[in-house]
Amino acid sequence: MEFTLPTDPTFSDAATIARVHANPGFGVHFTDHMSRVEWTADQGWHDAAVVPYGPIQLDPAAAVLHYAQEIFEGMKAYRHGDGSVWTFRPEANAARYARSATRLQLPVLPAADFLASIEALVRLDERWVPAVLDGRSDDEGVDDGRCEQGHSGGGQGEQSLYLRPFMFAREAYLGVRAARSVTHLVIASPVGPYFPGGVEPVDIWLEDEFSRAAPGGTGAAKCGGNYAASLQAQAKAAEHGCSQVLFLDAVEHRWLEELGGMNIVLVSADGELVTPETSGTILEGVTRSSVLQVGRDLGLTPVERPVAWAEVVAGVEAGRFTEIFACGTAAVITPIRAIRSNGGELVVPGSGEVSLRIRERLVDIQYGRAEDTHGWLYRLA
Ligand code: COI
């Protein structure tokens, strides 16, 4: 698929971009362009183009506004010390996008076209990919002073360009069936850490009333509806002073599933990395699977299995689980300080040393500071 580029593209000036990079937040600023591909049942995928970023016109009857036929992905572009720009395991995101599309009765965008839509946008808007300033880069030349702070509290060296591919039902029709016209877009946003405290440990609320996903539902798909369904629980979490909600399974309210927007991993005293298995109700996180592999590389033993909340409580109290962390593209790896619930507060004892070791190795690979032994990096520019 060839993407048509704007003939006379306009860009934000350097001072504006520098201001955004100096304090990007998460997902609040966007680059100058976006990638777009249209699909209709008659024509298939067509009209691939990079166009100026801006509002999209939708008929008020567009199916996505009524029946939530929508999917998305989360990825990042990282600037390396030599100025080149890379993304991480995009084939895994393309494959998940295809699985999500199938579950939501949306058309599958071939992986090569998914990648092309990202590449075309990042190449054109490359100036928006932050330089990295963390004191560890070998190349002083990329330190242009634009990135001295993300949020306060850590992660300052980890700015990136967050990439958000998404696909939605555009057809104006109120009957409930798969739409016959669909749009795929990619937008990009310079970001710092997802949590305002950076890598500072966060508190999590254990949700015992609401479920995120049920067996046979859409839990494994990355669709907006799953996140909408998490919001009331997320609001409860905030009322209890927590940054994220931890969902249990919808049937027995007993087994750990995932957080509102990321996966959960426990570190055991004997070197296991334990995480709930993906059995259809949990998102198959690209960071999750990378963390398990990096853990193995560092001599830990990844274990994917059902994990009961009762086991977590007993394990933390007995010193069997020493660390717990959240992981995802946005969150990277964020240690969990405590899990609060109606039953009280379970404080995780460890200092987060293992979590931060895995985090450092993963981030070093993403920023080109550690050898990419698994072939995870993909050059964009
Ligand atoms: C990501 O980690 O990329 C996500 O899509 C999750 C969302 C909470 C930002």
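As the structure is a computational prediction, the values presented were derived from the model and not from experiment.

Participant: Just to check I follow, could you spell out the nonpolar core for this structure?
Facilitator: The nonpolar side chains of a soluble globular protein tend to be buried with one another. With 52 residues, the main nonpolar core has I71, F114, I118, V122, L163 and M167 as its most contacted residues. If one sorts the elements of this core by residue count, helix α4 (residues 111-124) sits on top with eight residues. Formed jointly, this core draws a minimum of three residues from each of two domains, domain 1 (14-191) and domain 2 (202-351). Not counting chain neighbours up to four residues away, the residues in contact with I71 comprise Y97, S100, A101, L104, L106, P165, F166, M167, K222 and C223. Membership of the second largest hydrophobic core comes to 25 residues, among which are F195, L246, V312 and I336.

Participant: Could you clarify how one ought to interpret the side chain of H33 in this entry?
Facilitator: The residue H33 is located in strand β1 (residues 33-40) in this model. By relative accessible area, H33 is classed as buried at 1%. A polar contact of 2.8 Å, which involves the side chain of H33, links it to the side chain of D125. Among residues more than four places away in sequence, those in contact with H33 are P6, P9, T10, F11, V50, V51, P52, Y53, L121, L124 and D125.

Participant: Quick question: what am I supposed to make of the pattern of salt bridges here?
Facilitator: Pairs may arise between side chains of opposite charge once their charged atoms sit close together. The final tally for this structure, using the stated rule, is 20 salt bridges. Between K236 and E207 there is a salt bridge, with its nearest N and O atoms 3.0 Å apart. Note that K236 is positioned in helix α6 (residues 231-239) and E207 in strand β8 (residues 202-207), a separation of 29 residues in sequence. Taken individually, K236 and E207 each receive the classification buried, so the pair is uniform in this respect. Taken together, the shared-partner salt bridges in this structure form one network comprising D203, R337, R340 and E345.

Participant: I keep staring at the environment of V332 and nothing clicks. Help me out?
Facilitator: In this structure, V332 sits in strand β15 (residues 332-341). On the accessibility criterion, V332 (10% relative accessible area) is buried. Separated by 31 residues in sequence, V332 and V363 place their C-alpha atoms 8.1 Å apart. Setting aside residues no more than four positions away along its own chain, V332 makes contact with K76, T287, A326, C327, R359 and V363.

Participant: What is the right way to look at the domain arrangement of the protein in this model?
Facilitator: By a frequent convention, interface size equals the accessible area lost on bringing the separate parts together. Per the domain assignment, the segments making up the protein are domain 1 (14-191) and domain 2 (202-351). Summarising the inter-unit geometry, the C-alpha centres of domain 1 and domain 2 are found 26 Å apart. The interface of domain 1 with domain 2 comprises 18 residues on the first partner and 17 residues on the second. Contact with domain 2 buries area across many residues of domain 1, yet F72, R96 and R103 alone supply 37% of it, more than any other trio. Seen at the junction of domain 1 and domain 2, the total is one salt bridge. Ionic pairing is found between E284 and R99, a salt bridge with its closest N-O pair at 2.9 Å.

Participant: Just checking my understanding: could you explain the environment of W86 for this structure?
Facilitator: In this structure, W86 sits in strand β5 (residues 85-88). Distance from W86 to A381, taken between C-alpha atoms, is 6.9 Å for residues 295 residues apart in sequence. For W86, the contacting residues outside a window of four places in its chain are K76, A77, Y78, H80, L377, Y378, R379 and L380. One polar contact links W86 to H80, side chain to side chain, over a distance of 3.2 Å. At 2.6 Å, the side chain of W86 and the side chain of S84 are in polar contact.

Participant: Just to check I follow, could you spell out the packing of aromatic side chains for this structure?
Facilitator: Aromatic rings in a pair are described by how distant their centres are and how their planes are angled relative to each other. All chains considered together, the criterion is met by nine aromatic pairs. One aromatic cluster is present, formed by F26, Y162, Y194 and F195 through successive ring pairs.

Participant: Just checking my understanding: could you explain helix α1 (residues 14-22) for this structure?
Facilitator: Every α-helix carries 3.6 residues per turn, so stepping three or four residues along brings you back to the same face. Listed in full, the buried residues belonging to α1 are I17, V20 and H21. Across the axial projection of α1, the buried residues extend over an arc of 100 degrees, all falling on one side.

Participant: What am I meant to see in the confidence of the model for the protein here?
Facilitator: Interpretation of the predicted coordinates at a detailed level should be avoided for regions scoring low in pLDDT. For the protein, the mean per-residue pLDDT works out to 93, and 93% of the residues sit at or above 70. Below pLDDT 50 for its whole length, residues 135-154 participates in 58 contacts with residues either more than four positions away or in separate chains.

Participant: How should the site of the ligand be read in this particular structure?
Facilitator: In the region of the ligand, the neighbouring residues are F72, G74, Y162, R164, Y194, K222, G261, T329 and A330. For the ligand, an oxygen atom lies 2.9 Å from a polar atom in the side chain of K222. Contacts to the ligand include T329, whose backbone N or O atom sits 3.3 Å from an oxygen atom. A per-class count over the shell around the ligand returns four nonpolar, three polar and two charged.

Participant: Help me understand the state of the cysteines, please; the structure alone is not making it clear to me.
Facilitator: In protein chemistry, a disulfide is the covalent bond that joins the sulfur atoms of two cysteines. Scanning the model with the defined rule gives zero disulfides in all. The thiol of C223 is unpaired, and the distance to the nearest cysteine sulfur, on C327, comes to 19 Å. Lacking any disulfide linkage, C327 is separated from the closest cysteine sulfur, that of C242, by 19 Å. By relative accessible area, which is 0% here, C327 ends up buried.

Procedures and definitions
- Residues numbered from 1 in each chain as written.
- Predicted model: local features only at pLDDT ≥ 70, side-chain atom pairs only at ≥ 80, totals over all residues.
- Heavy atoms only, no water.
- Core = buried A, V, L, I, M, F, W, Y, C linked by side-chain atoms within 4.5 Å.
- Buried < 20%, exposed > 50% of the residue type's maximum accessible area, 1.4 Å probe, protein only.
- Helix = DSSP H or I, 4+ residues; strand = E, 2+ residues; numbered from the N terminus.
- Domains from an automatic or database assignment.
- Contact = heavy atoms within 4.5 Å.
- Polar contact = N/O pair within 3.5 Å; in protein donor to acceptor, adjacent residues only side chain to side chain.
- Salt bridge = Lys/Arg side-chain N within 4 Å of Asp/Glu carboxyl O.
- Buried area = accessible area lost by both parts, 1.4 Å probe.
- Phe/Tyr/Trp six-rings, centres within 6.5 Å; stacked < 30°, edge-to-face > 60°.
- Arc of directions from axis to C-beta.
- pLDDT = per-residue confidence, 0-100.
- Near = heavy atom within 4 Å.
- Nonpolar A, V, L, I, M, F, W, Y, C, P; charged D, E, K, R; others polar.
- Disulfide = S-S within 2.5 Å.

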